[in-house]
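# Coordinate inspection notes
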Amino acid sequence: MHDFDLDSLWQYILESFNKSLSQASFKAWFESADPVQYTDQTLIVNVPTVLHRDYWTQKLSGQITDMIKNAGGPTITVLAKLPEDPNPLAESDPVDDKLNSKKDTTNNVDATTVDFTRGSQLNERYTFDTFVVGKGNQFAHAAALGVAEEPGNFYNPLFFYGGVGLGKTHLMHAIGHHMLQNNPNAKVKYVTSETFANDFINSIQKKRQEEFRREYRNVDLLLVDDIQFFADKLGTQEEFFHTFNTLYDEKKQIVLSADRLPNEIKNLQERLVSRFKWGLSVDITPPDFETRIAILRNKAEAEHVTIPDDTLSYIAGQIDSNIRELEGALMRVEAFSSMTKTPISVNLASEALKNLKINNKANALTIPIIQDFVSKYYHVSVADLKGKKRTKSIVRPRQVAMYLSRELTGSSLPKIGSEFGGKDHSTVIHAHEKISKALPNDSDLQREINELRAELKH
Ligand SMILES: Nc1ncnc2c1ncn2[C@@H]1O[C@H](COP(=O)(O)OP(=O)(O)OP(=O)(O)O)[C@@H](O)[C@H]1O
């Protein structure tokens, strides 16, 4: 036990933690780590992100020290660093091996007759085990896992932001499941911001505010999804502010998500914005090609469907941002295969996905290209399309350009808004609705849209 070298020490650590940690945790914290040096009873480990470093420093380093000591080994110091950080052995800082004490608080509220959402509301499918970790989400995944293991102690609140269908909801549920696994008595609650708002309004109408507060303020983990929809709901924001404060003061974990950063959410009270910044905000970015293939493969395996590698690559090549659409494409291919009783192949996939606006051409079609075509077609400048002028000769082309961007590119509403001079997503929704509603009765508009689609080859 006393004669460790780097390899045998690391091997020993891996074996021990492989036994004690869940597969997802072991993968996230240990498989991504790289032991680089063991000198004078100090072990240096390279880890991939700042978040991994924080987690190692706060939790794992101390655990490893204790574990080796308890097994009769030397008292070693474990230092985690990023590959680009200088090797700390030269400075030899004593490591802070304080272990955070785990909370084991149970608050069961009677399920009396009330009209708001009860229970944890977690989707069984959304666990860490079914979440594929890749470039765009590694940081968010590590943050989620850290918070799930150290609720209230690691980062509070944890705030996920990013585009549509990239796994924010999945990670939030995974935190809930993980926490319940560690502590089956924990009270976990997942809601969307809309559910929170509806519950709150119901509680006022039914004069059950006390019960509402008991339901929301007595949890160990509160997960609120899509809080961009709090915008403009001032009463709900006020209530949420107090919910937040109560939970935060009691060191209960809060996890939030939105399609953008808190300070970019219109009409969100400043005091909420500043509280949301107390913890950690992490973005989730679209998965790279390899991750998309891995997600498809996992999904196919889960459904016991065999799909050849070239077909997986083909599907992954068709959709490059939204994972929900990626899953949709896979389901379409599977359904097409079973309907036509034909085995799954690249040809079949291309046939099945032909009618979706997600083929390569659609991917190549970008918002700037649409703006360019529309500006030439209506003889207005791109700057005007992106600008704020409200004259009729500009408003209509702008709405058409937004409509086509929404219809043909698969970009998210915030993304389209930002490409049109930083407009809010509600402006894009409004433009899209306006054109959609006008189309059936306006033959000029129909012709214009058809001609533009033809020019854009869609
Ligand atoms: N890394 C991943 N591995 C496996 N499945 C994933 C991953 N990321 C997302 N998914 C799946 O993609 C789908 C969409 O994800 P999710 O609902 O979590 O997205 P979201 O970011 O919350 O989107 P929205 O903004 O629309 O709420 C889900 O079925 C989810 O399970």
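What you are looking at is a predicted structure, and each value in this text was computed from that prediction instead of being measured.

### Points about the UniProt feature "binding site: ATP" (unreviewed entry) in the protein
When the UniProt feature table is mapped to this numbering, "binding site: ATP" (unreviewed entry) covers Gly165, Gly167, Lys168 and Thr169. Checked against the element boundaries, glycine 165 lands in the loop between β4 (158-162) and α5 (168-182). Each residue touching glycine 165, except ones within four places of it in the same chain, is listed here: Asn322, Ile323 and Arg324. Looking at the secondary structure, you find glycine 167 in the loop between β4 and α5.

### What about the packing of helix α6 (residues 193-205) against helix α8 (residues 234-249)?
Viewed as axis vectors pointing N to C, α6 and α8 meet at an angle of 100°, and their least axial separation amounts to 10 Å. Here α6 lies roughly perpendicular to α8, going by the angle between them. Residue-level inspection shows Phe196, Ala197 and Phe200 of α6 in contact with α8, the latter providing Gly235, Thr236, Glu239, Phe240 and Thr243. Of the residues assigned to the contact of α6 with α8, the class counts are four nonpolar, three polar and one charged.

### Quick look at the site of the ligand
Near the ligand there are 18 residues, and of these Val132, Gly165, Thr169, His170 and Glu327 occur at the shortest range. Taking valine 132, its main chain carries an N or O atom lying 2.8 Å from a nitrogen atom of the ligand. One of the side-chain nitrogen or oxygen atoms of glutamate 327 is found 2.9 Å away from an oxygen atom of the ligand. Calculation on the ligand without its partners gives an accessible area of 630 Å², and the protein chains cover 92% of this total. Broken down by secondary-structure element, the contributors of at least two residues to the shell around the ligand are α5 and α12 (323-340). For the shell around the ligand, the residue count by class is seven nonpolar, seven polar and four charged.

### Thoughts on the pattern of salt bridges
Two side chains of opposite charge can pair, provided their charged atoms sit close to one another. This structure, assessed with the given rule, holds 21 salt bridges. Aspartate 424 is paired through a salt bridge with arginine 260; the nearest N and O atoms lie 3.5 Å apart. Taken together, the positions of aspartate 424 in the loop between α18 (413-419) and α19 (425-438) and arginine 260 in the loop between β7 (253-258) and α9 (270-276) put the pair 164 residues apart, joining distant regions of the chain. This pair shows no difference in class: aspartate 424 is buried, exactly as arginine 260 is. Aspartate 384 serves as the salt-bridge partner of lysine 389, at 3.0 Å between the closest nitrogen and oxygen. Using a relative accessible area of 46% as the deciding quantity, one classes lysine 389 as partly exposed. Within this structure, Lys187, Lys189 and Glu215 form a network of salt bridges that share partners.

Parameters and conventions
- Residues numbered from 1 in each chain as written.
- Predicted model: local features only at pLDDT ≥ 70, side-chain atom pairs only at ≥ 80, totals over all residues.
- Heavy atoms only, no water.
- UniProt positions renumbered as here; feature names shortened; annotations may be inferred.
- Helix = DSSP H or I, 4+ residues; strand = E, 2+ residues; numbered from the N terminus.
- Contact = heavy atoms within 4.5 Å.
- Axes fitted to C-alpha atoms, helices over the stretch in contact; angles between N-to-C directions.
- Parallel < 35°, antiparallel > 145°, perpendicular 65-115°, else oblique.
- Nonpolar A, V, L, I, M, F, W, Y, C, P; charged D, E, K, R; others polar.
- Near = heavy atom within 4 Å.
- Polar contact = N/O pair within 3.5 Å; in protein donor to acceptor, adjacent residues only side chain to side chain.
- Areas by Shrake-Rupley, 256 points an atom, 1.4 Å probe, with all protein chains shown as cover.
- Salt bridge = Lys/Arg side-chain N within 4 Å of Asp/Glu carboxyl O.
- Buried < 20%, exposed > 50% of the residue type's maximum accessible area, 1.4 Å probe, protein only.

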